[in-house]
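Here is how the chains run, residue by residue.
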Amino acid sequence: MTPPVEELAALYVLDQLEPADRQAFAGRVAREPGLAALVRSLEITLEQRIHALPQHPPPAALLSRIESRLDAPTERSRPPPPAAAAFPIRPTFTRWVLPAAAAVVLGAATFFFLDRQRPPSPSVVLIVGLDPQRNTVTKIPLQNPARDTDARFVQLASLAERFWTRPDDLPRVPTAPAGSRAYALFDPTTHQGFIAVQQLPNQPADKRYHLWLVDSETGRAIDAGSLPSATARGLYFFSLDPAGAPASGPVNFLITAEDIASPPPTRPRGEPILGRNPI
Amino acid sequence: MFAPPTTLDVRAAEDARLIARIAAGDRAAFQELYARYSKPLFSIAVRMLRDLGAAEEALQDAFLKLWHHAGSFDPDKSRPFTWAVTLTRRTCIDHLRKTRRLPVAESLSESDTDPDLPAAESTRSSAERNDDTARLRDALATLPEPQRCALDLALFSGLTHPQIAETLRQPLGTVKTWIRRGLLQLRDTFNSTAS
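Residues numbered from 1 in each chain as written. Chains lettered and ligands numbered in written order. Predicted model: local features only at pLDDT ≥ 70, side-chain atom pairs only at ≥ 80, totals over all residues. Heavy atoms only, no water.

1. A few points about the nonpolar core
Here comes step 1: If you look at the biggest cluster of nonpolar residues, it comprises 80 residues, and the most contacted ones within it are F25(A), L41(B), F63(B) and I179(B).
Here comes step 2: It is helix α2 (residues 27-49) of chain B that provides the largest number of residues to this core, a total of twelve residues. (Core = buried A, V, L, I, M, F, W, Y, C linked by side-chain atoms within 4.5 Å. Buried < 20%, exposed > 50% of the residue type's maximum accessible area, 1.4 Å probe, protein only. Helix = DSSP H or I, 4+ residues; strand = E, 2+ residues; numbered from the N terminus.)

See the structure below:
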């Protein structure tokens with residue numbers, strides 16, 4: 001049975017249609033004025049519903065942060081790779097197979113040679129234990145040191161979940177005398193990580209806990225985001241902008257209590273709660 | 001059949017022109033659209049992610065997408081604000097998936113006030129300042145609970161409608177009907193109070 005057009009229109013404005021159905025329906029909206037009017041009326045209703053939400057103004061400095069990212073080079077701005085050269089003729093079997101086989105052998109030899117010369121992609125995950133006085137860094141190997149970001153993320157997330165659900169599997173972490181503690185898993189290749197907060201002091205209403213990654217060689221603190229408010233325990237993902245991430249070398253972590261009323265900090269200003277203060 | 005052009009339509013036409021300028025790389029147009037859209041879009045992100053830090057990140061990503069994909073906006077297929085809402089919601093859903101957090105499945109009555117979030121600008125005072133918003137909240141109150149719940153889950157939870165059906169333990173067809181009726185009734189109630 002064909003669903004009523006109002007149903008398709010409702011699902012369309014709520015972005016609930018499958019991509020192919022959405023595309024087909026969008027085509028109808030563009031062609032049929034009556035349908036377009038129905039969709040517009042539902043969109044206006046949706047717009048009003050959204051404006052009826054409790055309104056949270058974004059931080060004042062957010063626009064400048066967005067604009068600074070607009071200025072960063074993107075994939076889109078890179079020149080396209082040169083087009084593959086077209087084969088000028090259709091070769092016969094003998095004319096084609098021998099050069100192709102030679103090319104494959106040569107290519108494979110070159111690949112293995114270059115692969116040996118290339119510095120290996122780091123195959124470790126750093127586990128940084130944080131307590132109020134000190135940090136403890138441990139390296140553990142990745143079982144499958146893939147270079148693909150997604151594959152590495154899956155491994156990292158699996159490790160994070162394993163340690164979270166079975167804390168006894170964790171390698172050495174600090175014992176925190178005051179009970180405040182957390183640990184971070186960080187992949188230096190993809191600049192992704194997880195922060196596992198086991199216990200934090202109660203968060204004052206005017207403060208927000210902020211996570212920093214600290215390049216131990218330069219002392220530079222890199223913003224890794226805010227921790228969810230009023231949360232004492234949890235496992236959270238973070239990802240650094242590759243442009244600002246430390247190129248290599250040891251890293252450390254720091255959690256500070258920053259003023260909510262102030263613009264988002266660009267460097268640690270608040271009281272250190274966990275980890276080593278780099279300032 | 002439908003209401004004549006309103007200030008909303010004029011506004012939408014202006015927004016569409018801004019997006020066209022953004023597609024041409026006009027930074028001032030981007031700033032203007034940010035000034036118009038950032039608060040409601042941030043409010044959606046806060047509502048979906050329940051975390052100010054994550055919502056900030058999502059809003060940044062959504063506006064970056066808006067900048068990079070402004071050329072793909074087609075005013076014949078959707079209104080500018082709906083397009084921006086779709087970008088923001090998809091970004092939030094990606095964030096929920098990335099962090100492996102479950103989408104939030106709850107009704108509006110449980111969720112418009114969240115003790116874990118800092119106080120938003122008072123909804124009541126906003127409503128008093130804005131007659132349209134007040135009318136919409138009145139219209140929302142007239143919706144039967146299943147319709148209101150299904151509609152808000154479809155809009156704010158990040159769940160697909162089959163997942164909503166599973167969450168509410170209702171047949172898929174029933175949930176689709178609730179969503180459709182909820183949205184249509186909201187529109188009609190709003191239009192009747194507006195006129």
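2. Digging into the packing of aromatic side chains
Residues and elements named next belong to chain B.
Here comes step 1: For the coordinates displayed, the defined rule picks out seven aromatic pairs over all chains.
Here comes step 2: Here Y34 and F63 contribute two aromatic rings whose centre-to-centre distance is 4.9 Å and whose plane-to-plane angle is 55 degrees, an arrangement assigned as tilted. Of this pair, Y34 sits in helix α2 while F63 sits in helix α3 (residues 52-69); the two residues are 29 residues apart in sequence, bridging distant segments of the chain.
Here comes step 3: Taking relative accessible area as the criterion, Y34 reaches 7% and is therefore assigned buried.
Here comes step 4: Ring centres of F73 and W83 lie 5.2 Å apart, and the angle between their planes is 50 degrees; on these two criteria the pair is classed as tilted. Of this pair, F73 sits in the loop between α3 and α4 (80-98) while W83 is found in helix α4, placing the two residues ten residues apart along the sequence. Across the pair, exposure class does not vary: F73 and W83 are buried alike.
Here comes step 5: Aromatic rings pair up to connect F30, Y34, F63 and W67 into one cluster.
Here comes step 6: Just above the ring of W67 sits the side chain of R27; from NZ or CZ to the centre is 5.4 Å. (Phe/Tyr/Trp six-rings, centres within 6.5 Å; stacked < 30°, edge-to-face > 60°. Lys NZ or Arg CZ within 6 Å of the ring centre and 35° of its normal.)

3. Description of helix α2 (residues 19-31) of chain A
Here comes step 1: Across its 13 residues, α2(A) extends 18 Å between first and last C-alpha, which sits within 8% of the 18 Å expected from 1.5 Å per residue.
Here comes step 2: Buried-residue contacts for α2(A) involve α1 (5-13) and α3 (33-51) of chain A together with α4 of chain B. (Expected span 1.5 Å × (residues − 1). Contact = heavy atoms within 4.5 Å.)

4. Quick notes on the pairing of strand β8 (residues 251-259) of chain A
Residue and element names in this part refer to chain A.
Here comes step 1: Among the nine residues in β8, eight count as buried, and that is most of the element.
Here comes step 2: In this structure, β8 lies alongside strand β9 (residues 271-275), joined through four bridges in antiparallel fashion. Across the sheet, the residue bridging to T256 is P272, located in β9. (Pairing = 2+ DSSP bridges.)

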